[in-house]
Amino acid sequence: MQMENSRLDQAMPQALRQAITDKGHVSYAEFIRIAAFDPEEGYYSKAKTRVGQSVESDFYTAESLGEVFGRLVVAASIDLIGSETEAQECSFVEIGAEPGRSVLDGVEHHFKETLTLRLGDVLEIPDTAIVFANEWLDAYPFHRVCFDSEKGWQELGVAMANEECLEEITLPKLTPPVQAIRGRLPETTSEGYVLDLTVDATHALREVVRQSWHGAFLCFDYGKTWEELTHAHPSGTGRAYFRHQAEKNLLKNPGHQDLTCHLCWDFMVETLQETGFKNIQVDRQESFFMHRAAPVIRDIMQNKRTGLDGDTQTLMELLHPARMGDAFQALCAVRPGTLRDP
Ligand SMILES: C[S@@+](CC[C@H](N)C(=O)[O-])C[C@H]1O[C@@H](n2cnc3c(N)ncnc32)[C@H](O)[C@@H]1O
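Keep in mind that this is a model prediction, so the values were computed, not measured.

Here we look at the sheet that holds strand 17 (residues 329–335)
Alright, step 1. Spatially, 6 strands are ordered 4-3-5-10-17-16 in an open sheet, and the strand pairing comes out mixed. Each edge of the open sheet is held by one strand with a lone partner, namely strand 4 (113–117) and strand 16 (278–284). Across the sheet, the mean angle separating the axes of adjacent strands is 15° when strand polarity is ignored.
Alright, step 2. The sheet contacts of helix 8 (residues 265–274) involve strand 10 (214–221), strand 16 and strand 17, and relative to strand 17 the element is tilted by about 10°.

Set out below in structure tokens:
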């Protein structure tokens, strides 16, 4: 399915126009890298409200709903690491928080220290840590490939149709990151099948877990297995979000809307396996918290004052299968003892 041409009705980052002019086209990953992270005009670099339930924001997350998520995360982190005493020896490191926010805001905990690493920070992890992230990895640029029954997998990219219009094109050849995983793509599939490949997110995770810290890793995000991505989502999972509306047209107003796609959990699990992590699990958000944070859930349910107070409503939003409970998954793993950089 060809993406419709997109008229630019808001200024696009100058660096994007330059990159397309210089080369004639850019890959989707390069397009997203500039649209999302250009230091001046990228969506995530600008000082604006992106995340939350207000009308000016574009999407909300579990973290933006308030303290309940933080309380569940603290309980689950203690469960993962083994005990409250062990948790007290750990630095709690959050990666990918929005400016001025942290998942532990207003939440009681006894971690040794807390560190919040945001866009632009060096992702350096202390020796003993619980590393946490919510919807961090889905923000990374992704490559987009499309199956052609005569030519095989082709990589898609972006060019200017004219001065005011972006268009999707087929690149003359696969970029090196896609070439590197070419062998994993299915030999054949239906004509026009689109796959969004989260290669950059896998590299970002690797940069964090290849460091020699030990402790626990816990991230929440939306993802699919490789089997699901290659068989059940023929139009790809890439989406744009603007003012709480999901949009399939990724080319619309670069720099002004969030661009994201589902992670491939298999790639993430392999990365953790290769770097010495154990007990690696991918669970639905609901079942993860039911198993690992049951006392907090009980406490909220027992202390509710009226039929559905604020905390109970948030809990329902986080756990109900029709809300975030099923759509989001938790990836968790532990790495005991002191390990050298693999
Ligand atoms: C979808 S938002 C999620 C924000 C927040 N964690 C939440 O759940 O509300 C993605 C976040 O990842 C951050 N991010 C993207 N790349 C990053 C990087 N390389 N290092 C740190 N943070 C990054 C963005 O700045 C943004 O705050």
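Thoughts on the packing of helix 3 (residues 67–81) against helix 9 (residues 285–292)
Alright, step 1. Across the interface, helix 3 lies against helix 9 with an axial gap of 9 Å and an inter-helix angle of 65°. Pair helix 3 / helix 9 crosses with left-handed handedness. Of the residues in helix 9, those touching helix 3 at Phe69, Leu72, Val73, Ala75, Ala76, Asp79 and Leu80 are Phe288, Phe289 and Arg292.

Regarding the pattern of salt bridges
Alright, step 1. A full pass over the atoms with the stated rule returns 15 salt bridges.
Alright, step 2. Between Glu98 and Arg50 there is a salt bridge, and its shortest N-O distance comes to 2.7 Å. Residue Glu98 is located in the loop between strand 3 (91–95) and strand 4, and its partner Arg50 is located in the loop between helix 2 (28–37) and helix 3; the two are separated by 48 residues in the primary sequence.
Alright, step 3. Judged by its relative accessible area of 18%, Glu98 falls in the buried class.
Alright, step 4. A salt bridge links Asp326 to Arg284; the shortest N-O distance between them is 2.6 Å. With Asp326 in helix 12 (residues 324–327) and Arg284 in strand 16, the pair connects residues that are 42 residues apart, well separated along the chain.
Alright, step 5. Asp326 sits in the partly exposed class, given a relative accessible area of 37%.
Alright, step 6. What makes Arg284 partly exposed here is its relative accessible area of 31%.

Let's talk about empty space enclosed by the protein
By rolling a water-sized probe across the atoms, one finds the places where empty space is left.
Alright, step 1. Applying the stated criterion across every chain, the model contains 1 cavity of 30 Å³ or more.
Alright, step 2. Lining the largest cavity are Val194, Leu195, Asp196, Leu229, His233, Gly236 and Thr237.
Alright, step 3. Ranked by residues supplied to the lining of the largest cavity, first place goes to strand 9 (residues 194–197) with 3 residues.
Alright, step 4. When the residues that make up the lining of the largest cavity are grouped by side-chain class, the tally is 3 nonpolar, 3 polar and 1 charged.

Looking at the nonpolar core
Alright, step 1. The biggest cluster of nonpolar side chains holds 39 residues, and the ones touching the most others in it are Phe69, Leu72, Leu218, Phe220 and Phe289.
Alright, step 2. Sorting the residues of this core by element identifies helix 3, strand 5 (128–134), strand 10, helix 9, helix 10 (294–303), helix 11 (310–319) and strand 17 as the ones contributing at least two each.
Alright, step 3. Ranked by the residues each element gives to this core, the list is headed by helix 3, at 10 residues.
Alright, step 4. Apart from residues no more than four positions distant in its own chain, Phe289 is found in contact with Phe69, Leu72, Val73, Ala76, Phe220, Ala294, Ile297 and Leu319.
Alright, step 5. Among the nonpolar cores identified, the runner-up in size contains 29 residues, and Leu8, Ile32, Tyr44 and Val158 belong to it.

Thoughts on the packing of aromatic side chains
Alright, step 1. Throughout the structure, instances matching the rule amount to 17 aromatic pairs.
Alright, step 2. Both rings, one in Phe288 and one in Phe289, keep their centres 5.5 Å apart while their planes meet at 65°; by these two values the pair is edge-to-face. Of the two residues, Phe288 and Phe289, both sit in the buried class.
Alright, step 3. Each member of the aromatic cluster is reached from another via a ring pair, and the members are Phe69, Phe92, Phe111, Phe132, Phe220, Phe288 and Phe289.
Alright, step 4. Cation over ring: Arg144 sits above Tyr28, and NZ or CZ is 5.5 Å from the ring centre.
Alright, step 5. It is Arg335 that lies over the ring of Trp213; its NZ or CZ is 5.1 Å from the centre.

Cut-offs and rules
Residues numbered from 1 in each chain as written. Predicted model: local features only at pLDDT ≥ 70, side-chain atom pairs only at ≥ 80, totals over all residues. Heavy atoms only, no water. Pairing = 2+ DSSP bridges. Helix = DSSP H or I, 4+ residues; strand = E, 2+ residues; numbered from the N terminus. Axes fitted to C-alpha atoms, helices over the stretch in contact; angles between N-to-C directions. Contact = heavy atoms within 4.5 Å. Left-handed = near helix turned anticlockwise from the far one by under 90°. Salt bridge = Lys/Arg side-chain N within 4 Å of Asp/Glu carboxyl O. Buried < 20%, exposed > 50% of the residue type's maximum accessible area, 1.4 Å probe, protein only. 1 Å grid on protein atoms, 1.4 Å probe; cavity = no way out; pocket = protein on both sides within 12 Å on 5 of 7 lines; lining within 4 Å. Points joined across faces, edges and corners; volume = space filled by probe spheres on them. Nonpolar A, V, L, I, M, F, W, Y, C, P; charged D, E, K, R; others polar. Core = buried A, V, L, I, M, F, W, Y, C linked by side-chain atoms within 4.5 Å. Phe/Tyr/Trp six-rings, centres within 6.5 Å; stacked < 30°, edge-to-face > 60°. Lys NZ or Arg CZ within 6 Å of the ring centre and 35° of its normal.

Read these as layout, nothing more, since geometry by itself doesn't imply function.
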